[in-house]
Amino acid sequence: IKEYLLKTASLFSVEQKGQILQRFSTLLSSEGSEETKILSAQMLAVPMLKESASVNVFNSPSLKMLIESLLREGGSYGPKLTSEMLQIVDIVIDRMPSEDITHYRKDLLKYIWTALKCNDPTTKYHGYLAVSRFISVFDTPSKVVQQVYRSLMRDTSERISIRAALDVLLPALNKRLIEEELEAALKYPIRILREESGSIPQMAHLWESITRHHQLYSYHKSAFIPHMLQSIQLLALQPNAPSEVRKLSVDMAQLTIEWSDTSKTDIGNQVLNTIIRIAFLNAEAKPDRLQQQIRAQTLSLIKDIVSSCKNCWLDPSNFASALSNEGVAAQVESKESGVEAKNSKTRKASDGGEGTKAILLLLCADIVLILLCHDPNNEFIGMKACQILNHCFTNSTLLENRKIAYAPE
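Reading the values: the criteria
- Residues numbered from 1 in each chain as written.
- Predicted model: local features only at pLDDT ≥ 70, side-chain atom pairs only at ≥ 80, totals over all residues.
- Heavy atoms only, no water.
- Salt bridge = Lys/Arg side-chain N within 4 Å of Asp/Glu carboxyl O.
- Helix = DSSP H or I, 4+ residues; strand = E, 2+ residues; numbered from the N terminus.
- Buried < 20%, exposed > 50% of the residue type's maximum accessible area, 1.4 Å probe, protein only.
- Phe/Tyr/Trp six-rings, centres within 6.5 Å; stacked < 30°, edge-to-face > 60°.
- Lys NZ or Arg CZ within 6 Å of the ring centre and 35° of its normal.

Asker: Outline the pattern of salt bridges, supporting the account with residue identities and numerical values.
Answerer: All chains considered together, the criterion is met by 13 salt bridges. The residue glutamate 208 makes a salt bridge to arginine 159 at a minimum N-O spacing of 3.0 Å. Of this pair, glutamate 208 sits in helix H14 (residues 200–212) while arginine 159 sits in helix H11 (residues 159–169), and the two are 49 residues apart along the sequence. Taking the relative accessible area as the measure of exposure, arginine 159 reaches 41% and is therefore partly exposed. In this structure, lysine 187 engages glutamate 183 in a salt bridge whose closest nitrogen and oxygen atoms are separated by 3.3 Å. Of this pair, lysine 187 and glutamate 183 are both found in helix H13 (residues 179–195), four residues apart, which corresponds to roughly one turn of the helix. Judged by relative accessible area, which is 38%, lysine 187 ranks as partly exposed. Its relative accessible area of 35% is what places glutamate 183 among the partly exposed residues.

Asker: Break down the packing of aromatic side chains for me, citing the residues and quoting the values.
Answerer: For the coordinates displayed, the defined rule picks out seven aromatic pairs. Ring geometry for phenylalanine 134 and phenylalanine 138: centres 4.8 Å apart, planes at 50°, overall tilted. Comparing phenylalanine 134 with phenylalanine 138 shows no difference in burial state: the two are buried. Residues tryptophan 207 and phenylalanine 224 carry aromatic rings whose centres are separated by 6.1 Å and whose planes lie at 75° to one another, so their mutual orientation is edge-to-face. Of the two residues, tryptophan 207 is situated in helix H14 and phenylalanine 224 in helix H16 (residues 221–236); the sequence distance between them amounts to 17 residues. Owing to a relative accessible area of 0%, tryptophan 207 belongs among the buried residues under this scheme. Given a relative accessible area of 0%, phenylalanine 224 falls into the buried group. Each member of the aromatic cluster is reached from another via a ring pair, and the members are Trp207, Tyr217, Phe224 and Trp259. One Lys or Arg, arginine 150, reaches over the ring of tyrosine 188 and ends 5.6 Å from the middle of that ring.

Dropping the structure here:
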């Protein structure tokens, strides 16, 4: 429906858009039902303004009439209509020529600030996005900027909406805060990590913001790295962690490598073994595009670390699940001896187990190949390479049948 509305809105001429905005402004000022006003915003006004790029739309008298109606009567709107109007405010602040919108600057901020006090989650999140847009466009009191920033950094209730607001706000901090205020703001996530050390959602929210805007936070990277190393393990290695969280952990590991000197053995070893554990956990996850992306990214990071940190230590226990006596070899032997599963569920479980074991063995082989290419004198090769290759050769038929294609760099 959204795509259809946007496509339909693109067919309107500038004159027609002006007429629609004028009719919508009149509707807002009328005593018509709020439901009609909400539908008009959803079906016409918001899609049309999102699609519009012409300056003639955003400096038109009709749009100014709409803004004035909003500022005059917006305080009486219910949460749903306020949510729609905040979307319009966000678009207007972003696209209306500065000489036209400056006149409404103070009143718009007052309207947004009032809307932020609403208990309705959707209204509040659109308010956050609108006030972030306001801060990015206009000079704003630093107290307001800091209050919005702190609220967004602590709010974990709606990740996508909060992330959208932070993506607008964070790039503006450099131009809205003086040096001392900016430094305090950039260190604020560390304070939250200390206070909310047991909250996985809070931790994920903070690190997602930092990894998405790492250039901004790089000024204090030495303060973030110790917390990052700890958080990577807490996030990625928790039982049944979703793939999105594991992907975030891998992004954090990559950022740790970029921010630190991995030639230092302690950091290199810690990051390397954490990445390997993530790779094995990911190998057992349901195959999808994100799982394959994590697989490729972890192997690339392993290559980067072993290339820069020679003879780093690989924990053999990470490979235990793939090299256990049970599993692939035992299952193949069972098949060859003619032992059949008792029912279809058992067959499916066995086949799933074979597939997982095959993936784990291929992952082991990939890691050995990376070591042979980039760190051939690594002690792990002498300790485990033969055992891994023996398992691969023993189960070569099973590995071929799985048809798992991956070419390590």
